[in-house]
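# Structural overview
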Amino acid sequence: MIPESTTGKVEIYKDVNIEKGLIVLNDSNVKKDLIVDNNSFLKENLNVYGNVDISNNLDVSSFVVMKENVDILGNINIKNKLDVLGLGEFKEDLNIYGNVDISKNLNVSNFAVMKENMDVLGNVNIKKNLEVLELGDFKQDINVSNNLDIGNQAVIRENVDVLGNVNIKSKLDVLGLGEFKEDLNIYGNVDISKNLNVS
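Structural notes, computed from the coordinates. (Residues numbered from 1 in each chain as written. Predicted model: local features only at pLDDT ≥ 70, side-chain atom pairs only at ≥ 80, totals over all residues. Heavy atoms only, no water.)

### Let's talk about the overall build of the protein
- Check the secondary structure of the protein and you find zero helices and zero strands.
- Its C-alpha atoms give the protein a radius of gyration of 37 Å, more than 25% over the compact-globule value 16 Å for 199 residues.
- The buried share of the protein, taken over its 199 residues, is 0%.
- Seen as two clouds, the 20 positive and the 31 negative side-chain charges of the protein have centres 4 Å apart. (Helix = DSSP H or I, 4+ residues; strand = E, 2+ residues; numbered from the N terminus. Rg over C-alpha atoms; globule rule 2.2 N^0.38 Å. Buried < 20%, exposed > 50% of the residue type's maximum accessible area, 1.4 Å probe, protein only. Lys, Arg positive; Asp, Glu negative; His and termini not counted. Charge placed at Lys NZ, Arg CZ, Asp CG, Glu CD.)

As structure tokens, then:
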């Protein structure tokens, strides 16, 4: 018979069925498996110094603090917000099928591949090169405050207004009509292979 209460050490070498509550007021050392077939309620801290294997769902209704690494070998489904207060590192692919709202900086140290549209409602600051491998459509103004280097052809279908000087170190080919509404100053030679009409 097991007493209803004891202040000493109790050793049990067989199965124990507890039909009512089990209250442990001090430490409990379990040297082998602990199998719980139903719910388990812990009103205070649970300190685990070894591995924890969970073969089914883990429902946490409040905060979870993990002071070291967490390795997850399967999928993670988050139906609400994911708040990352410190550094978040993703060493492999990160697939996002919904919207991404970034209220501060986004630092990308390697390639960023976007297979669909990217809408930027604010400014974009690029400190190094911007490489566009295919067609780039700019439906509004483009302001360039420094040099603009074009390594191949540039096709401009409408007017070009140049408010400053234009320096051309090589040839200027005008395939259509060229109109100069003010003075044209030429400080070098002029070679005309066909007619020159002066009205």
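The structure having been displayed, the exposition proceeds.
### Re the layout of surface pockets
- As a volume, the second largest pocket reaches approximately 1,300 Å³.
- In this structure, the second largest pocket is lined by 22 residues; those nearest its centre are Leu-172, Val-174, Phe-180, Leu-184 and Ile-186.
- Grouping the amino acids of the lining of the second largest pocket by side-chain chemistry returns nine nonpolar, seven polar and six charged. (1 Å grid on protein atoms, 1.4 Å probe; cavity = no way out; pocket = protein on both sides within 12 Å on 5 of 7 lines; lining within 4 Å. Points joined across faces, edges and corners; volume = space filled by probe spheres on them. Nonpolar A, V, L, I, M, F, W, Y, C, P; charged D, E, K, R; others polar.)

Structural measurements only, silent on function.
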